[in-house]
Amino acid sequence: MLAATIVRSHGFVPRAFLEWGVAVPFTTPLLTRCRIRPGKRGRTELLVPNLSGSRGIYVFDLEAAPKVANLTLHDRLLLERLLEVSATTPSEVRKSALRVALDGAAGRRAAREAEAAVRVDAKVGLMIRLHLVTRLLDEAGLEGIDWRDFAGDNVELRSTIKHRLAGVAPGFGRSVDGVFQAIEEIADVATCVGCGAEDAPGRNPTMLARLRTFIHSHRQWSSGEPSATMSYRAIRDVVDRALTEATTAQGNARRLLDQAAQLLRAWYGPAGDQMRFALTRPEWLLDGWGPICGMWEAAARDERSAQREILQQIRAALPLLDPEDRVSGDMADAGEIRLDGNRQISAQEGWRTGMAVLDSRARAELLRAATI
């Protein structure tokens, strides 16, 4: 069962994040690099990179997506889910995509991966809840709970936690139920952060590890090229900066989770939005990098010529906003943050026959299963 996101407001999200939007795992080739963002009058907008491959973005109403491209069945179902999303955030888009995958629209493999992802998220969410309760008891000088000896069901677990929180709640001026509800909300927002467990590290640490592997592999691959082109260096530079920014943000979020009492006191106060931003910022910085890493991972055994083509696709899919520009919420100069997206057509590729589109769609569906 996918937990519903409790925080619905965009108020704590910097303007630049909202302007750039959230990556969506479409399988329709024309839409694989698209993003969505909140638009005017509560309507969601679809951002489509210039179809010619040059600079610029087309902005459509999300409902118009079927008129922009011939959608796959997966994408039609995903579109229905996205139109119901109340907050355009990476977590909400991911939950919508997981629901579609669980229904089997992305294939059996994707369904299995989605089921595994839901189980991991549930485990991480539970561990964060237990981590927060343990920290609260410790900071209050109360006896902790040995969770390893706990073998009860969810009802008993909730009852045990509430019983122990009775000694903590008065210090926050809240009822036991109020403290418990705050812990539930914090854990829901911070599921992507994780709590450092080796068997369930959380989505952010997993994505950071994939980025480190990507940059290491890319460096090794580039050393075998006759000459390192500007294209390869541009990819490496953007990944390096994204990795640095996201690693710092993830560290800040983890430290915040270790300050349970301070977090709980501020959660419903004026500083609450700052806390939510600190917990969600690494997820925003890592948004969209999963498919990019997946493209390179899928090409690991390909010929070098095919890998060069994949790198051109990766270069075209890199974020338009530099990670550092996202901090202040200001848009950088277009000449500095936009990369040339022109695509080269190989000889006898047969792009006018539609075969290239079919191949791209098949690859996108396989990649979808591998990057849930």
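Residues numbered from 1 in each chain as written. Predicted model: local features only at pLDDT ≥ 70, side-chain atom pairs only at ≥ 80, totals over all residues. Heavy atoms only, no water.

1. Here we look at the pattern of salt bridges
In the structure shown here, the tally under the stated rule is 18 salt bridges. One salt bridge connects R37 with E45, and the closest N-O pair in it is separated by 2.7 Å. Across the salt bridge formed by K95 and D188, the nearest N and O atoms sit 4.0 Å from each other. Residue K95 is located in helix α4 (residues 90-102), and its partner D188 is located in helix α7 (residues 176-189); the two are separated by 93 residues in the primary sequence. Relative accessible area serves as the criterion here: at 13%, K95 is assigned to the buried category. Note on D188: relative accessible area 13%, which makes it buried. Because the salt bridges share partners, they merge into one network encompassing R94, D121, R203 and E283. (Salt bridge = Lys/Arg side-chain N within 4 Å of Asp/Glu carboxyl O. Helix = DSSP H or I, 4+ residues; strand = E, 2+ residues; numbered from the N terminus. Buried < 20%, exposed > 50% of the residue type's maximum accessible area, 1.4 Å probe, protein only.)

2. A short note on a nonpolar patch on the surface
Taken together, L30, L51 and Y58 make up a surface patch of nonpolar side chains, about 290 Å² in accessible area. Mapped onto the elements of the fold, L51 is located in the loop between β3 (44-49) and β4 (57-61). Assessed through its relative accessible area of 53%, L51 is described here as exposed. (Patch = residues over 30% accessible without salt bridge, like charges linked within 9 Å, V, L, I, M, F, W, Y side chains within 5 Å. Areas by Shrake-Rupley, 256 points an atom, 1.4 Å probe, with all protein chains shown as cover.)

3. As for helix α5 (residues 108-139)
Taking 1.5 Å as the rise per residue, α5 with 32 residues should run 46 Å; its terminal C-alpha atoms sit 47 Å apart, in good agreement. Phi for G141, located one or two positions after α5, is positive at around 75 degrees. (Expected span 1.5 Å × (residues − 1).)

4. Topic: the sheet that holds β4
As summarised here, the arrangement of the four strands in space is β1-β2-β3-β4, forming an open sheet in which the pairing is antiparallel. Two strands lie at the open edges of the sheet, namely β1 (22-23) and β4, each paired on one side alone. Alignment of strand β2 (residues 35-38) against β3, held across four bridges, turns out to be antiparallel. Directly across from R35, in β3, lies its bridge partner L47. (Pairing = 2+ DSSP bridges.)

5. Comments concerning the nonpolar core
Ranked by size, the top nonpolar core spans 48 residues in total, and within it F26, L46, L82, L211, W289 and I314 carry the most contacts. With eight residues, helix α9 (residues 230-257) is the single largest residue contributor to this core. Not counting the four nearest positions on each side in its chain, L46 is found in contact with F26, L31, C34, R35, I36, Y58, V59, F60, D61, L62 and A65. By size, the runner-up hydrophobic cluster in this structure holds 37 residues, among which are A190, C195, A260 and W267. (Core = buried A, V, L, I, M, F, W, Y, C linked by side-chain atoms within 4.5 Å. Contact = heavy atoms within 4.5 Å.)

6. Thoughts on the packing of aromatic side chains
Enumeration over the complete set of coordinates arrives at three aromatic pairs. Measuring from centroid to centroid gives 6.3 Å for F214 and W296, while their planes differ by 80 degrees, and the two rings are edge-to-face. Of the two residues, F214 sits in helix α8 (residues 203-223) while W296 sits in helix α12 (residues 289-298), which places them 82 residues apart along the sequence. Both residues of the pair, F214 and W296, count as buried. Residue class for W296 comes out buried when judged on its relative accessible area of 7%. Taken together, the ring pairs in this structure connect F214, W221 and W296 into an aromatic cluster. The ring of F180 carries the charged tip of K162 above its face, separated from the ring centre by 5.1 Å. A cation over a ring is seen here: R276 above W267, with NZ or CZ 4.4 Å from the ring centre. (Phe/Tyr/Trp six-rings, centres within 6.5 Å; stacked < 30°, edge-to-face > 60°. Lys NZ or Arg CZ within 6 Å of the ring centre and 35° of its normal.)

Interpretation in functional terms is not warranted from these geometric data alone.
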